[in-house]
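The chain contents come next:
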Amino acid sequence: MKSFVGCLFLVIGVLPLAFAGHNYGEALSKSFLFYEAQRSGYLPHNQRVHWRGNSGLNDGKASGIDLVGGYYDAGDNVKFGLPMAFTITMMSWSILEYGRQMGASGELGHAMDAVKWGTDYLLKAHPEPYVLYGEVGDGNTDHFCWQRPEDMTTSRAAYRIDPNHPGSDLAGETAAAMAAASIVFRRYNPGYANELLNHAHQLFEFADKYRGKYDSSITVAQKYYRSVSGYADELLWAAAWLYKASNNQFYMNYLGRNGDALGGTGWSMTEFGWDVKYAGVQTLVSQILMSGKAGHNTLVFERYQQKAENFMCSCLGKGNRNAQKTPGGLIFRQRWNNMQFVTSASFLASVYSDYLTSAGKYLKCSSGYVSPNELLSFAKSQVDYILGDNPRATSYMVGYGSNYPRQVHHRGSSIVSIKVNPTFVTCRGGYATWYSRKASDPNLLTGAIVGGPDAYDNFADERDNYEQTEPATYNNAPLIGVLARLHAGHSGYNQLLPVVPAPKPVPKPAPRGKVTPAPRPRVLPVPANAHVAIQQRATSSWALNGKTYYRYSAIVTNKSAKTVKNLKLAISKLYGPLWGLTKYGDSFIFPAWQNSLPAGKSLEFVYIHTASPAIVSVSSYTLV
């Protein structure tokens, strides 16, 4: 089995999996519930995640400042400023591009509430022009304890940057967040928008004037959110957002003057996230260029755009240096919380696709010209993978679909709600009682995007598997924009650029490879009075070392008026891995997350091998 999976990992071009018609509107709604579960501070009257309570009510008090509020970044109880600010920036960008679609879904109010919960905290964290608080809580003591936020006994020390302890990356990202959010609130709350923009101007000046890496000043962040890329990308990122928010030519010229020195025109990236912002900067600058506003900065901005397009081509597998992908087609960057790179790349691909469409342009890759729709199709393939179109038939959004992570690495969701059982959970007692508990979480962390599978599409739903089962706020922030875009279909998007028709380049015809048709799916004959029906189909295929591999989907449907229990399936002529059922002796039974099949309902399992469909038959079952 290992050699087979390892062999699949070498596949370079995997055909997209069949689209399952996902409910992107439902996934969008659930994403905002996750942010309510991550709230720190006094919860509002309209809080919808009822298992959470007030927490962190003395944050900042020891330093003589009110730092109550904001978001916990992931499954712990620390408030880290850099990823929190990036989350706010990306939520704001999602609204700016696809707010109209969110409004049509009834989610724009929730989206703006999610942004404002973050910006209210960021305003508190910036009490003076050259002072910014960048962390509340200590990752070391926090990780020693397993407590729900309402019971915290760990350190709530506050850490800051100032002229003697600079942090250009932290200040720059916070400036970007406030600038982007100011555009979101400009029409609905102009006074608040102006306040945010004033803070953004001050923070940019602070970041640029007193340069340094924030984790050299706030050293307790180094083990958790080390700024590996430095601060040059955040300076450009902040300038780009301040130009969009203020239309002040100073910031555009800053991008032009510093594009080479700060790496905006030099770094060709295959990732985008809370640490590395270059691809995001390059995408924003490309929008300015395509809208015809670059002026005397045009030549420099064209170099930014070339790097932006390198990123897009790498996602498609059509560049000189391409992003790695799993056999199932998911972008793979690292073992720990890989989904953050999947959602951010999907967002950039979506917006760049729309920018190109608005400008009447095509994407230019080393392999030739690519239509904007191909970029959007890539983003859709990644989102569909997240929602369940993958070799394991697993949804990596908690609460979406029927097969999703049940043992999330998250203190609040894994411990009984304080509203159900107010008994105090001690620091180490939480580990003994709740962390080590091999059962589903008592509280559903609806909408959370967990870390996701490994490089071979494998995933273990275990609470101590923090690399794969821990969620993070910055996983969801780019995804909400893509979900809104996909939910709207082709009903339009916010055309922030003038539509200028341009002659379409004629792509060079690619050499046609031999296409091997998938074996005809076998529909199993079933008697007219059968209670359980099985239907199979091939959903994807690819060639490797002279062999053609097929991914098959099998749907088991209860056609009776009663509930099916104790189902046993016999599967023969199966020559590869199978996901979605549990092996039981020589048979297969319901997966761990399911013990029955109600009347009229179906379950899906998938498998991969090089042959025709396996022979699947019903051995036994009971009706209750």
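Everything quoted here is computed from the prediction, not taken from an experiment. (Residues numbered from 1 in each chain as written. Predicted model: local features only at pLDDT ≥ 70, side-chain atom pairs only at ≥ 80, totals over all residues. Heavy atoms only, no water.)

Enquirer: Hey, could you run me through the state of the cysteines in this one?
Expert: Under the criterion given, the structure shown has two disulfides. Cysteine 145 shares a disulfide with cysteine 427; S-S distance 1.9 Å. Linking cysteine 145 and cysteine 427, the disulfide has an S-S dihedral of approximately -85 degrees and is accordingly described as left-handed. Within this pair, whereas cysteine 145 is found in the loop between α5 (139–144) and β3 (158–161), its partner cysteine 427 is found in the loop between α15 (411–414) and α16 (429–435), the two being separated by 282 residues in sequence. This pair shows no difference in class: cysteine 145 is buried, exactly as cysteine 427 is. A sulfur-sulfur distance of 2.0 Å marks the disulfide that ties cysteine 313 to cysteine 365. Every disulfide takes its handedness from the sign of the S-S torsion; for cysteine 313 and cysteine 365 that torsion is -95 degrees, giving left-handed. With cysteine 313 in helix α12 (residues 298–316) and cysteine 365 in strand β4 (residues 363–365), this residue pair connects regions lying 52 residues apart in the sequence. With its bonded cysteines labelled in order along the sequence, the protein shows the pairing 1-4, 2-3. (Disulfide = S-S within 2.5 Å. Helix = DSSP H or I, 4+ residues; strand = E, 2+ residues; numbered from the N terminus. Buried < 20%, exposed > 50% of the residue type's maximum accessible area, 1.4 Å probe, protein only.)

Enquirer: For this particular structure, what's the right way to read helix α4 (residues 108–124)?
Expert: Owing to its 3.6 residues per turn, the α-helix aligns residues three or four sequence positions apart on the same side. Its 17 residues give α4 an end-to-end C-alpha distance of 24 Å, which sits within 8% of 24 Å, the value for a rise of 1.5 Å per residue. Those residues of α4 lying buried are Leu108, Ala111, Met112, Ala114, Val115, Trp117, Gly118, Thr119, Tyr121, Leu122 and Leu123. Tucked into the core, α4 has its buried residues touching α2 (24–37), β1 (79–80), α3 (81–104), β2 (132–136), α6 (168–185) and α7 (190–209). (Expected span 1.5 Å × (residues − 1). Contact = heavy atoms within 4.5 Å.)

Enquirer: Help me understand the packing of aromatic side chains in this model?
Expert: Two descriptors summarise a pair of aromatic rings, namely the distance from one centre to the other and the angle between the planes of the rings. Applying the stated criterion across every chain yields a total of 31 aromatic pairs. Pairing tyrosine 35 with tyrosine 71 gives two aromatic rings, centres 5.7 Å apart and planes at 70 degrees, and the pair type is edge-to-face. Note that tyrosine 35 is positioned in helix α2 and tyrosine 71 in the loop between α2 and β1, a separation of 36 residues in sequence. Of the two residues, tyrosine 35 and tyrosine 71, neither departs from the other in class, the shared state being buried. Above the ring of tryptophan 117, the side-chain terminus of arginine 39 is found at 4.6 Å from the ring centroid. Directly above the aromatic system of phenylalanine 144 lies the positively charged group of arginine 428, at a separation of 4.2 Å from the ring centroid. (Phe/Tyr/Trp six-rings, centres within 6.5 Å; stacked < 30°, edge-to-face > 60°. Lys NZ or Arg CZ within 6 Å of the ring centre and 35° of its normal.)

Enquirer: Where do I start with the domain arrangement of the protein in this structure?
Expert: Many structure descriptions define interface size as the accessible area lost when the parts assemble. According to the domain assignment, the protein contains domain 1 (24–488) and domain 2 (532–623). Relative to domain 2, the C-alpha centre of domain 1 lies at a distance of 37 Å. Residue-level contacts link nine residues of domain 1 with seven residues of domain 2. Interface area, domain 1 with domain 2, both sides summed: about 690 Å², of which 56% is carbon and sulfur. Connecting domain 1 to domain 2 are one residue pair in polar contact (both at pLDDT 80 or more). (Domains from an automatic or database assignment. Buried area = accessible area lost by both parts, 1.4 Å probe. Polar contact = N/O pair within 3.5 Å; in protein donor to acceptor, adjacent residues only side chain to side chain.)

Enquirer: Just checking my understanding: could you explain the packing of helix α10 (residues 249–258) against α12 for this structure?
Expert: To describe two helices that pack against each other, one gives the angle between their axes and the distance between the axes. Two numbers describe how α10 lies on α12: the axes approach to 9 Å, and their chain directions differ by 70 degrees. Our classification of the angle between α10 and α12 gives roughly perpendicular. Between α10, through Met252, Leu255, Gly256 and Asn258, and α12, the contact on the second element is made entirely by Val300, Phe301 and Tyr304. Of the residues contributing to the contact of α10 with α12, the split by class is five nonpolar, two polar and no charged. (Axes fitted to C-alpha atoms, helices over the stretch in contact; angles between N-to-C directions. Parallel < 35°, antiparallel > 145°, perpendicular 65-115°, else oblique. Nonpolar A, V, L, I, M, F, W, Y, C, P; charged D, E, K, R; others polar.)

Enquirer: I tried to follow the UniProt feature "active site" (unreviewed entry) in the protein on my own but got confused; where do I start?
Expert: Annotation from UniProt places "active site" (unreviewed entry) at His409, Asp461 and Glu470. In sequence the annotated residues extend across 62 residues, while in space they remain close, none of their C-alpha pairs exceeding 10.2 Å. Following the sequence through the fold, histidine 409 ends up in the loop between α14 (372–387) and α15. Note on histidine 409: relative accessible area 9%, which makes it buried. Ignoring any residue separated from it by four or fewer positions in sequence, one finds histidine 409 in contact with Gly75, Trp146, Tyr435, Arg463, Asp464, Tyr466, Thr469, Glu470 and Pro471. Within the local environment of histidine 409, its side chain forms a polar contact with the backbone oxygen of arginine 463, the two atoms lying 2.8 Å apart. (UniProt positions renumbered as here; feature names shortened; annotations may be inferred.)

Enquirer: Help me understand the sheet that holds β3 in this model?
Expert: In a beta sheet, neighbouring strands pair by backbone hydrogen bonds and run either parallel or antiparallel. With respect to topology, three strands assemble into an open sheet ordered β1-β2-β3, the strand pairing being antiparallel. Two strands bound the open sheet, and with one partner strand each, they are β1 and β3. Pairing geometry for β2 and β3, over four bridges, is antiparallel. When the bridges of β3 are listed, tyrosine 133 appears paired with arginine 160. (Pairing = 2+ DSSP bridges.)

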